[in-house]
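# Tertiary structure, described
For reference, the chains in residue letters:
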Amino acid sequence: MMKGKISFWGLCLIGMVLCMPALKAQTPQTKGPKITLMAPAENDILQIGKAVHFDMDLADTKLLDSYRVEIHDNFDGHAHTGGADEVARPTVFDKTYDVSGSTQKQVHHHGVVIPEKAREGVYHFIIICKNVDGGESRVIRTVTLSKGQGTLYH
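Residues numbered from 1 in each chain as written. Predicted model: local features only at pLDDT ≥ 70, side-chain atom pairs only at ≥ 80, totals over all residues. Heavy atoms only, no water.

Looking only at helices and strands, one finds 1 helix and 8 strands in the protein. In sequence order, the secondary structure elements of the protein are arranged as α-β-β-β-β-β-β-β-β. Counting only residues that meet the buried cut, the protein has 34% of its 154 residues in that class. Roughly 9600 Å² of accessible area belongs to the protein as shown, and the carbon and sulfur atoms make up 58% of that amount. (Helix = DSSP H or I, 4+ residues; strand = E, 2+ residues; numbered from the N terminus. Buried < 20%, exposed > 50% of the residue type's maximum accessible area, 1.4 Å probe, protein only. Areas by Shrake-Rupley, 256 points an atom, 1.4 Å probe, with all protein chains shown as cover.)

What describes a pair of aromatic rings is the distance from one ring centre to the other and the angle between the planes of the rings. Applying the stated rule across the entire model yields 4 aromatic pairs. Consider the rings of Y67 and Y97, whose centres lie 4.8 Å apart with planes at 15 degrees: the pair is stacked. Here Y67 is found in strand β4 (residues 64-73), whereas its partner Y97 is found in strand β5 (residues 91-98), with 30 residues between them in sequence. By the burial criterion, Y67 is buried, and Y97 matches it. Between F75 and Y123 the ring centres are 5.3 Å apart and the planes differ by 75 degrees, which places this aromatic pair in the edge-to-face class. In this pair, F75 sits in the loop between β4 and β5 while Y123 sits in strand β7 (residues 121-131), placing the two residues 48 residues apart along the sequence. Since its relative accessible area comes to 36%, F75 is described here as partly exposed. Take Y123: its relative accessible area is 2%, and that puts it in the buried class. (Phe/Tyr/Trp six-rings, centres within 6.5 Å; stacked < 30°, edge-to-face > 60°.)

The mixed open sheet is built from 5 strands, whose spatial order is β2-β8-β7-β4-β5. Because the sheet does not close on itself, it has two edges, and the strands there are β2 (45-47) and β5. Taken over all neighbouring pairs, the strand axes of this sheet differ in orientation by 30 degrees on average, direction set aside. Here β4 pairs with β7 via 9 bridges, running antiparallel. Looking across to β7, one finds that L64 is bridged to N131. (Pairing = 2+ DSSP bridges. Axes fitted to C-alpha atoms, helices over the stretch in contact; angles between N-to-C directions.)

Strand order in the open sheet formed by 3 strands is β1-β3-β6, with antiparallel pairing between adjacent strands. Edge positions in the sheet fall to β1 (34-39) and β6 (104-109), since each has one partner strand and no second. Adjacent strand axes in the sheet meet at a mean angle of 10 degrees when their direction is disregarded. Of the pairings in the sheet, the one linking strand β3 (residues 54-59) to β6 comprises 6 bridges and is antiparallel in character. Paired with M56 across the bridge in β6 is V107.

With that out of the way, let us pick up unusual backbone geometry. For the bond running from A39 to P40, omega is 5 degrees, close enough to zero to count as cis. Secondary-structure assignment places P40 in the loop between β1 and β2. With phi around 70 degrees, N43 is a residue other than glycine that occupies positive phi space. For N43, the position within the fold is in the loop between β1 and β2. Taking the relative accessible area as the measure of exposure, N43 reaches 55% and is therefore exposed.

Secondary-structure assignment places S66 in strand β4. The buried category is assigned to S66, whose relative accessible area is 13%.

Structure follows, in structure tokens:
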């Protein structure tokens, strides 16, 4: 009787050892790329109707896929905690850019333009970057949209 129990548990152990590589291969990388956002900075003032000075570095051990820039209002003072407050908010800018084919990318452009119809006030400037395995990371900056002078760069 003891011999039967040892054989059963021995088979279970062998089965677990043989299945581990397959389970590991099916688990996608969940850690996203590293985002180093230099501009805009926290509490910058972005001028309505003008281009934003946009400067960041992206890096990952996996190939990059894309990054998204979203600017939405923070008139209600919400935070992005990943909980129940994560609801769709009115956006003034939302665009996805392709950065596939590399594990590192330096991004510098003035392609983010604040539309003339945007209301003055406090907003969230969000960068969401994904790699080819679906790993995602984000950086959120609080900025102010104004019809007056914006924060100067260069």
